[in-house]
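# Breakdown of the fold
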Amino acid sequence: MNTQEILDTYSQSIIQIETPLASGTGFYLQEYGLILTNSHVVTGLKEIVISSKDLKRCEATVVYDDPKYDLAFVKTDKLQVDSLLKLSQDDVHDGDKVVAIGHPYGLNYTATEGIVSKAKRLQGELEYIQIDAAINPGNSGGPLLNDKGEVVGVNTFIIQNSNNLGFALPFIYIQEALDAFLSLNKLDIIRCSSCLNLVQEIVIKNDYCPECGVKIDVAKKRREGYTPVGTIKTLESILKEMGKDVALARRGQRMWQIDIDTACIEIAYYDNGIIVADASLCRLPHINIEKIYHFMLEENTKLEYLQFSINDNAILLSYIIVDSSLEEKNGAIALGRLFSKATIYDNILIKDYGASIIQREDT
């Protein structure tokens, strides 16, 4: 199979993973009913957000976390695919063609091809497949496929500031971890990085391995979970009070996205303390631009908390505030108006002034 055929056949099984702290890729092995990814992608959290071409953003549960192999297994009952990815059973050799698929820098379903530079490259205590196929942040946890479309590894890390020096955890480690996990027939399993035993989370006391007594950092992270603080906590409290699903709205620790009818509202909290909530409405028309400008300027004189602006040719309705001035009561009023008016103004601008609809990519 060539690269395009592989991508077309198996893209349903390529999963986008997001947490408040990281983003990356996973892939679904229906044979096992599990999504596989890297441990560092799920960052020690029990609940993450996943999506795919045929699955809208939803929460899924991390049922196995293995910092030693940098592997994690994720479970959901909402995913079904037509073409099934399978683990390879063939040895990998130097010079073999490989294809890496993932979501680098949020660029969904990016496929890069290359060769195996070294089939067995020792890094620490584990052997990795060294590849020259380009992988970048966001590729972590995605599958490395051979020319038959079989999974030969999990894309795991790169050497920074190098020229296409990527490394994938080989399928032999993946199979070993899957077999060990499934043999327990239990969920919420953590592998101790010291003694390598698989331990059910419920028997871990004070975050120490019951077998060898070494502290398990990932157990502490899973126990504590993600807790927003400060302005982020205030923003998320406002969104929750408004009935929004904050977990699904998160696009990182300081960004949120909420789709309301035809409008897309993006909230960003910048390092300089500015909070910007933009409702991206529609695009300027090619004709009668003066009329639409006049309308927006007139509306700006009437609006409280909100204002129209133009970014390139996109029309925005925005709420902007400094973090030190954000209060739950006024923030809720302002965001409530933004959410309610976004679709109304979008429809007016399109129907009455000839603005064009913005085509949005599903996320």
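First, a word on what this report is: a plain description of the structure on this page. Here the structure is a predicted model, which means the values were calculated and not measured.

Right, let's talk about unusual backbone geometry for a bit. Of note, Asp70 is a non-glycine position whose phi angle comes to about 55°, a positive value. By secondary structure assignment, the location of Asp70 is in the loop between β5 (55-66) and β6 (71-75). We classify Asp70 as buried; its relative accessible area is 15%.

Our next topic: helix α8 (residues 328-353). When the terminal C-alpha atoms of α8 are compared, their 35 Å separation across 26 residues agrees well with the 38 Å that a helix rising 1.5 Å per residue should span. Along α8, the sharpest kink reaches roughly 35°, centred on Lys341. Where α8 is concerned, the buried positions are Gly331, Ala334, Leu335, Leu338, Phe339, Ala342, Thr343, Tyr345, Asp346 and Leu349. Remark: Gly354 follows α8 within two positions and exhibits a positive phi of approximately 75°.

Packing of helix α7 (residues 289-302) against α8 brings their axes to within 11 Å, and their N-to-C directions diverge by 150°. Between α7 and α8, the angle falls in the class roughly antiparallel. You can see that α7 and α8 cross each other, and the crossing is right-handed. The residues of α8 that touch α7, namely those facing Lys291, Ile292, Phe295, Met296 and Glu299, are Tyr345, Ile348, Leu349 and Tyr353. Tallied by class, residues from the contact of α7 with α8 come to 7 nonpolar, no polar and 2 charged.

With that out of the way, let us pick up the packing of aromatic side chains. Per the counting criterion, the structure on display carries 10 aromatic pairs. Between Phe157 and Phe167, the ring centres sit 4.8 Å apart and the planes meet at 10°, which makes this aromatic pair stacked. Residue Phe157 is located in strand β11 (residues 151-158), and its partner Phe167 is located in strand β12 (residues 166-170); the two are separated by 10 residues in the primary sequence. Among the aromatic residues, those joined into a cluster by ring pairs are Phe295, Phe308, Tyr345 and Tyr353. Lys53 extends its terminal NZ or CZ atom over the ring of Tyr109, reaching a point 4.9 Å from the ring centre. Against the face of Tyr69 rests Arg191, its NZ or CZ located 4.5 Å from the ring centre.

On to the pairing of strand β7 (residues 97-102), then. Here β7 lies mainly inside the structure; 5 of its 6 residues are buried. Where β7 and strand β8 (residues 110-123) come together, 6 bridges link them in antiparallel fashion. Bridge assignment links Gly102 to a residue of β8, and that residue is Thr110.

Under the defined criterion, the tally for this structure stands at 14 salt bridges. Here Lys68 and Glu125 are joined by a salt bridge, their closest N and O atoms 2.5 Å apart. Highlighted residues: Lys68 in the loop between β5 and β6 and Glu125 in the loop between β8 and β9 (126-131), separated in sequence by 57 residues. Measuring nitrogen to oxygen at the nearest pair gives 3.8 Å for the salt bridge that ties Lys302 to Glu298. In this pair, Lys302 and Glu298 are both assigned in helix α7, 4 residues apart and thus about one turn of the helix distant. Assessed through its relative accessible area of 55%, Lys302 is described here as exposed. Taking relative accessible area as the criterion, Glu298 reaches 38% and is therefore assigned partly exposed. One connected set of salt bridges, linked through shared partners, spans Lys46, Asp188, Glu201 and Arg222.

Before going further, it helps to spend a moment on the pairing of strand β16 (residues 263-269). Taken across its 7 residues, β16 has 6 buried, putting it largely inside the fold. As judged from the 6 bridges shared by strand β15 (residues 255-260) and β16, these two strands associate in the antiparallel manner. Each bridged residue has a counterpart across the sheet, and for Gln257 the counterpart in β16 is Glu266. Taking the residues between adjacent antiparallel strands as the criterion, β15 and β16 are bridged by 2 residues, where Asp261 takes a positive phi near 55°. Alignment of β16 against strand β17 (residues 274-283), held across 6 bridges, turns out to be antiparallel. Along β17, the bridge assignment pairs Ile267 with Ala277. Taken together, β16 and the strand that follows it, β17, pair antiparallel across an intervening segment of 4 residues, in which Gly273 is found at a positive phi of about 95°.

As used in these notes, a disulfide is a covalent bond between sulfur atoms, one from each of two cysteines. Applying the stated rule across the entire model yields 0 disulfides. The thiol of Cys58 is not disulfide-bonded; the next cysteine sulfur, from Cys264, is found 19 Å away. Look at Cys58 and you get buried, because its relative accessible area is 6%. Summary of cysteine pairing: Cys195 is not part of a disulfide, and the nearest cysteine sulfur, belonging to Cys209, is at 3.7 Å.

This part is about empty space enclosed by the protein. Scanning all chains against the criterion turns up 1 cavity of 30 Å³ or more. In this structure, the largest cavity is lined by Leu235, Ile267, Ile275, Ala277, Tyr319, Leu326 and Leu335. Among the residues making up the lining of the largest cavity, the classes are represented as 7 nonpolar, no polar and no charged.

What counts and how
Residues numbered from 1 in each chain as written. Predicted model: local features only at pLDDT ≥ 70, side-chain atom pairs only at ≥ 80, totals over all residues. Heavy atoms only, no water. Helix = DSSP H or I, 4+ residues; strand = E, 2+ residues; numbered from the N terminus. Buried < 20%, exposed > 50% of the residue type's maximum accessible area, 1.4 Å probe, protein only. Expected span 1.5 Å × (residues − 1). Bend = angle between axes of the 7 residues up to and from the residue. Axes fitted to C-alpha atoms, helices over the stretch in contact; angles between N-to-C directions. Parallel < 35°, antiparallel > 145°, perpendicular 65-115°, else oblique. Left-handed = near helix turned anticlockwise from the far one by under 90°. Contact = heavy atoms within 4.5 Å. Nonpolar A, V, L, I, M, F, W, Y, C, P; charged D, E, K, R; others polar. Phe/Tyr/Trp six-rings, centres within 6.5 Å; stacked < 30°, edge-to-face > 60°. Lys NZ or Arg CZ within 6 Å of the ring centre and 35° of its normal. Pairing = 2+ DSSP bridges. Salt bridge = Lys/Arg side-chain N within 4 Å of Asp/Glu carboxyl O. Disulfide = S-S within 2.5 Å. 1 Å grid on protein atoms, 1.4 Å probe; cavity = no way out; pocket = protein on both sides within 12 Å on 5 of 7 lines; lining within 4 Å. Points joined across faces, edges and corners; volume = space filled by probe spheres on them.

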